[in-house]
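Here is how the chains run, residue by residue.
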Amino acid sequence: MISTILIIGGGQAGAQAVDTLRREGFGGRLVLISEENELPYQRPPLSKKFLSRELGVDRLPFRHQSFYDEHRIDLKLGARAVRLDPAAHQVELADGEMLNYDRLLLCLGATSRRLTCPGAELAGVHYLRGIADVAPIQAGFRPGARALIIGGGYIGLETAATCRKMGCEVTVLEMADRVMNRVVAPSVSQFFALEHRTQGVNLICDTRVVRLEGQGKVERVVCADGTSHTADLVIVGVGAVATTELANDAGLACDNGIVVDEYCRTSDAAIYAAGDCTNHPSLRFGRRVRLESVDNAYEQAKTAALNMLERPTTHDRVPWFWSDQYDNKLLIVGLSQDYDSQVLRGDPATRSFSVCYLKGRELLAVEAVNHSKDYMAARKLIAERTPLNVEKMADPQIGLKEAV
Amino acid sequence: MPKIVFNEPDGRRREIDAPIGVTLMEVARQNDVDGVVAECGGACACATCHVYIEPSWLPKLDPCEEMEEGMLENAWEPRANSRLSCQIHITADLDGLQVTVPQRQG
């Protein structure tokens, strides 16, 4: 009998798992432990409206304390799990407390990839992943402050947009030849590069940071070609790695994430995992993936919760992602690898267009810029593998869902 | 505080005091209103906070912009009075607003 369920990690997945477990009738002991001191909260606004102070700290939590009280959820904040003993069904916390479980769910998330070049440890070099990272960045906001952002991915570009809004002079350094190169088509990169430059961002691609310099705190960032950029504030957004230490040390299978099956089960039958920390099978795309995505965390947490209650459920979803930069919304659905053709719908100059990725007549992914209609239609078309008419698709006057 | 009336999918009627300035979605989520999922947290990116507004109230709400319209068009069973609750801010004018939550989201 399952009388105690323990969840490690208070992010999107952990918060959703307790919700689903109680909603689905689990009446036993439910413990959620989080390293952070705040009630489980939404992370996406950290680089956007929370960073710009448009959204107060009271609006970040998924649920108020009363929710956890009413649903008898033992919420342990500021608590760090240091050891997992799968044989004894036990987790040890940093303060020495031992917690037993019948089922364990790991929602460990991902950790910002760190710079390793000389000077990377200087004061004034920031990462953005948790709520505690925000205030030190905001402290550097003042009109004319020079914000230097390393990395032109989601975090780097969203932060660049917010820093501009806060009156900073912004430089973005990107190693690849275009921004967001791992996640979007060249036409979408081009659109966002132009947006940032129009907003006054000094965006430099094809450049590699080799060293950070400064007396006590960072003052300059030096690139491989010898150019040097003065900076009052450095923000690093160079990707993230799955947090797997606890699982790995306990002997659970890990390979770019904690390896789980479609039921979110790890290599130990009593332990499940969900969210950014997992390497999981995508049933729709027929291969293993690791995703950094709110939707994936939410859906895997629901799946894991149902399976922990012995209600077999598979995780079978088409992933989706979004990014807000200035007043532009980028909406992405599906995974574009393995495509054999691309169709551009609409004209980027109109600021509303989409790029569709096909394999034969089957839609694999859509990147929609300020175009929610194509994005929403694509979610269904991709999931249902609806064969599309490529000629009709190329005509933006025809709705994507009518292009069959 | 304005009172908002939510009709949940199972027919249960909930009267909730809503703080001014937050969104209708946040009121639903913080009060555990059944059926309002709001996966994206209010970014107008998921269409899982879809609700039906009692038609007489529609003119009093923040207008529906193109992004929201596009999301709604492909939401589950959209109607003329469909809105995404994350795009509606609570004002004093909305005291008594009647909202019905659809049977499902997406």
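Residues numbered from 1 in each chain as written. Chains lettered and ligands numbered in written order. Predicted model: local features only at pLDDT ≥ 70, side-chain atom pairs only at ≥ 80, totals over all residues.

A. The overall build of chain A, seen in detail. Broken down by element type, chain A carries nine helices and 26 strands. The C-alpha atoms of chain A give a radius of gyration of 22 Å, which matches the 22 Å a tight globule of 404 residues would have. With respect to the three principal axes, the spread of C-alpha positions in chain A is 60 × 60 × 35 Å. Counting the 404 residues in chain A, one finds 46% classified as buried. (Helix = DSSP H or I, 4+ residues; strand = E, 2+ residues; numbered from the N terminus. Rg over C-alpha atoms; globule rule 2.2 N^0.38 Å. Buried ≥ 20, exposed ≤ 12 C-beta atoms within 10 Å, placed from the backbone.)

B. Inspection of the nonpolar core at higher detail. Residues A:Ala17, A:Leu105, A:Leu106, A:Cys107, A:Val234 and A:Ala274 are the most contacted members of the largest nonpolar core, which totals 149 residues. By residue number, the principal contributor to this core is helix α7 (residues 294–308) of chain A, which donates seven residues. (Core = buried A, V, L, I, M, F, W, Y, C linked by C-beta atoms within 7 Å.)

C. A look at the sheet that holds strand β9 (residues 125–127) of chain A. Residue and element names in this part refer to chain A. The sheet built from five strands is open, its strands ordered β9-β16-β10-β11-β12 with parallel pairing. Two strands close off the open sheet at either side, each with one partner strand: β9 and β12 (202–204). Taken pair by pair, the neighbouring strands of this sheet meet at an average axis angle of 20 degrees, ignoring direction. Looking at chain direction, strand β10 (residues 146–150) and strand β11 (residues 169–173) are connected through five bridges and run parallel. In the strand pairing of β11, Ile 149 is matched with Val 172. Of the strands in this sheet, β10, β11 and β16 (233–236) touch helix α4 (residues 154–165), which is tilted by about 165 degrees from β11. (Pairing = 2+ DSSP bridges. Axes fitted to C-alpha atoms, helices over the stretch in contact; angles between N-to-C directions. Contact = placed C-beta atoms within 7 Å.)

D. Quick look at the confidence of the model for chain B. Mean pLDDT for chain B: 96, with 100% of residues reaching 70 or above. Our summary of model confidence lists the complex with pTM equal to 0.96 and ipTM equal to 0.94. (pLDDT = per-residue confidence, 0-100.)

E. Representation of the domain arrangement of chain A within the structure. Residues and elements named next belong to chain A. Per the domain assignment, the segments making up chain A are domain 1 (4–111 + 241–308), domain 2 (114–236) and domain 3 (327–402). Facing the nine residues of domain 1 at the interface are twelve residues of domain 2. Here the side of domain 1 that touches domain 2 is composed, by residue class, of four nonpolar, two polar and three charged. (Domains from an automatic or database assignment. Nonpolar A, V, L, I, M, F, W, Y, C, P; charged D, E, K, R; others polar.)

F. View of the interface of chain B and chain A. Contact with chain B, which involves 15 residues of that partner, is made by 20 residues of chain A. Listed by contribution, the elements that provide at least two residues to the side of chain B that touches chain A are α1 (24–30) and α2 (66–73) of chain B. For the side of chain B that touches chain A, the element with the most residues is α2(B), which contributes four residues.

G. How the structure looks around the sheet that holds strand β2 (residues 29–34) of chain A. Residue and element names in this part refer to chain A. Reading across from one edge, β3-β2-β1-β7-β19 is the order of the five strands in this open sheet, with parallel pairing throughout. Only two strands of the sheet have a single partner each, and these edge strands are β3 (73–77) and β19 (271–273). Between one strand axis and the next, the sheet turns by 15 degrees as a mean value, whatever way the strands run. In this structure, strand β1 (residues 4–8) lies alongside strand β7 (residues 103–106), joined through four bridges in parallel fashion.

H. Layout of the packing of helix α1 (residues 12–23) of chain A against α7(A). All names here are of chain A. Their axes nearest at 8 Å, the elements α1 and α7 cross at an angle of 35 degrees. For the pair α1 and α7, the crossing hand works out as right-handed. Residue-level inspection shows Gln 12, Ala 13, Gln 16, Ala 17, Thr 20 and Leu 21 of α1 in contact with α7, the latter providing Val 294, Ala 297, Tyr 298, Gln 300, Ala 301, Lys 302, Ala 304 and Ala 305. Residue composition of the contact of α1 with α7, grouped by class: nine nonpolar, four polar and one charged. (Left-handed = near helix turned anticlockwise from the far one by under 90°.)

I. Molecular detail of the pairing of strand β22 (residues 320–325) of chain A. All names here are of chain A. Of all the six residues making up β22, five are buried; the element is thus mostly covered by neighbouring parts of the structure. Pairing analysis gives six bridges linking β22 to strand β23 (residues 328–334), with the strands arranged antiparallel. Within β23, the position partnered with Trp 320 by the bridge is Val 333. What sits between the antiparallel neighbours β22 and β23 is a turn of two residues, in which Tyr 326 has the positive phi angle 55 degrees.

J. Local environment of the environment of A:Glu384. Residue and element names in this part refer to chain A. By the element assignment, Glu 384 lies in the loop between α8 (372–383) and α9 (390–393). Here Glu 384 falls in the exposed class, since 10 other C-beta atoms lie within 10 Å of it. Considering only alpha carbons, one finds Glu 384 and Val 318, 66 residues apart in sequence, at a separation of 10.0 Å.

K. Broad picture of the environment of A:Leu283. Residues and elements named next belong to chain A. The topology assignment puts Leu 283 in the loop between β20 (278–282) and β21 (287–289). Residues Leu 283 and Ala 94, 189 residues apart in the sequence, show an inter-C-alpha distance of 38 Å. With residues near it in sequence (within four places) discarded, Leu 283 still touches Glu 262, Thr 314 and Asp 316.

L. Here's a closer look at α4(A). Residues and elements named next belong to chain A. If you check α4, its first and last C-alpha atoms are 17 Å apart, about what twelve residues at 1.5 Å a residue would give, namely 16 Å. Burial of α4 is extensive: ten of the twelve residues sit out of reach of the surface. Here α4 has its buried residues at Tyr 154, Ile 155, Gly 156, Leu 157, Glu 158, Thr 159, Ala 160, Ala 161, Thr 162 and Cys 163. Elements that come into contact with the buried residues of α4 comprise β10, β11, α5 (186–198), β16 and β22. Count one or two residues on from α4 and you reach Gly 167, which has phi positive near 90 degrees. (Expected span 1.5 Å × (residues − 1).)

M. Quick peek at the environment of A:Met175. Residue and element names in this part refer to chain A. Among the secondary structure elements, Met 175 is positioned in the loop between β11 and α5. Residue class for Met 175 comes out partly exposed when judged on the 16 C-beta atoms lying within 10 Å of it. Taking the C-alpha atoms as reference, Met 175 lies 34 Å from Ala 301; in sequence the two are 126 residues apart. Those residues in contact with Met 175 that lie beyond four places of it in its chain are Thr 207 and Arg 208.

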